[in-house]
Amino acid sequence: QQMIKDAEQRMFDVVVVYKLDRFARNLYDSVVYTKKLEEAGVALESVTEPITHDIAGKFFRNVMSAINELYIENLKQELRDKALIVARKGYFMGGIPPFGYSLKEVKDEYGKRRKVYVINEKEAKIVREAFELAAAGYTLQKIADEFNKKGYRTRRGNKWTVSALYEMFQNEKYIGIFTFNKGRKRNYHAKRDDTIRVPGAVPAIISKELWEKAREKLKLGIRKVRKRYEYPLKGLLFPSEDGAFLQILQLG
């Protein structure tokens with residue numbers, strides 16, 4: 001984007017790339033930004049792909065951009081497919097292991113080094129206590145207060161909070177289910193069609209019965225239905241063009 005702005009200010013005459021796929025990753029960006037450079041009087045040159053600036057050259061450039069986009073999308077799909085195979089086997093896929101787990105290095109069937117989840121018993125005791133307290137009727141705030149009173153700390157050494165406990169009660173790894181493709185950032189807990197769930201791929205810290213009872217007490221996973229308010233004059237009052245209200249009586 002800065003390069004395009006500089007081009008519009010006539011700060012240079014030519015943009016040189018090693019290959020066209022270094023300039024743009026898809027056909028749309030290639031066409032749009034090449035056009036912006038042309039309008040600014042700036043040429044686009046590829047070191048390894050000598051392209052003329054006539055009509056034939058523009059056609060060839062668009063064809064190459066389309067091929068590059070196809071290659072990139074195909075590569076992304078291959079990487080996704082490989083990641084799904086690894087995920088289905090329950091291997092560590094990156095990130096930070098949830099509280100209660102550590103990582104152990106193993107070799108897969110091809111001799112490649114992988115990491116798997118193992119129970120960190122020191123932390124797992126706190127996880128079990130959290131679910132037992134929830135099953136007994138404690139709220140997340142009461143559990144946090146209880147843990148902080150006992151001097152329990154998170155892995156980073158912080159006090160327990162409601163949000164930290166909420167994440168704990170949402171994580172299916174505690175009942176041995178490995179999940180992959182759950183979402184990102186704000187929609188992390190959203191349901192997706194391509195989410196992989198592999199029961200038994202991770203050592204369980206608590207039983208499924210305790211998981212369900214605790215979440216039921218906390219009302220997690222229960223969709224709240226908002227009560228619709230019935231307006232007594234619905235269907236009887238309508239706005240007029242001048243903003244005033246006209247009363248219309250419905251006669252039987």
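Shown above is the structure to which this text applies.
Let us look at the packing of helix α4 (residues 121–135) against helix α5 (residues 140–149). Between α4 and α5, whose axes approach to 10 Å, the crossing angle comes to 140°. On the basis of the axis angle, α4 is oblique to α5. Our pair here, α4 against α5, has a crossing hand that is right-handed. Contacts between α4 and α5 involve Ile126, Glu129, Ala130, Leu133 and Ala134 on the former and, on the latter, Ile143, Glu146 and Phe147. Taken together, the residues of the contact of α4 with α5 sort by class into six nonpolar, no polar and two charged.

Within the largest apolar cluster, 38 residues are counted, with the highest numbers of intra-cluster contacts made by Phe131, Leu165, Met168, Phe169 and Tyr174. Going through the elements one at a time, α3 (55–88), α4, α5, α6 (162–168), β5 (177–180), β6 (196–199) and α7 (208–218) are the ones with two or more residues in this core. Of all the elements, α4 adds the most residues to this core, at eight residues. Those residues within four positions of Phe169 in sequence are excluded, and the remaining contacts are Ala130, Phe131, Ala134, Leu140, Ile143, Trp211, Ala214, Arg215, Leu218 and Leu220. In this structure, Ile4, Ala7, Leu20 and Phe23 belong to the second largest nonpolar core, which totals 13 residues.

What follows deals with the pattern of salt bridges. Tallied over the full model, the rule gives 12 salt bridges. Residue Arg128 pairs with Glu121 through a salt bridge whose shortest N-O separation is 2.7 Å. On the accessibility criterion, Arg128 (23% relative accessible area) is partly exposed. Overall, Glu121 belongs to the partly exposed group, its relative accessible area being 37%. In this structure, Glu146 and Lys150 form a salt bridge, with 3.8 Å as the shortest nitrogen-oxygen distance. Residue Glu146 is classed as buried on the basis of its relative accessible area of 19%. Classification of Lys150 as partly exposed rests on a relative accessible area of 43%. When salt bridges that share partners are traced, they join Glu129, Glu146, Lys149 and Lys150 into one network.

Cut-off values and rules
Residues numbered from 1 in each chain as written. Predicted model: local features only at pLDDT ≥ 70, side-chain atom pairs only at ≥ 80, totals over all residues. Heavy atoms only, no water. Axes fitted to C-alpha atoms, helices over the stretch in contact; angles between N-to-C directions. Helix = DSSP H or I, 4+ residues; strand = E, 2+ residues; numbered from the N terminus. Parallel < 35°, antiparallel > 145°, perpendicular 65-115°, else oblique. Left-handed = near helix turned anticlockwise from the far one by under 90°. Contact = heavy atoms within 4.5 Å. Nonpolar A, V, L, I, M, F, W, Y, C, P; charged D, E, K, R; others polar. Core = buried A, V, L, I, M, F, W, Y, C linked by side-chain atoms within 4.5 Å. Buried < 20%, exposed > 50% of the residue type's maximum accessible area, 1.4 Å probe, protein only. Salt bridge = Lys/Arg side-chain N within 4 Å of Asp/Glu carboxyl O.

Geometry only, nothing functional implied.
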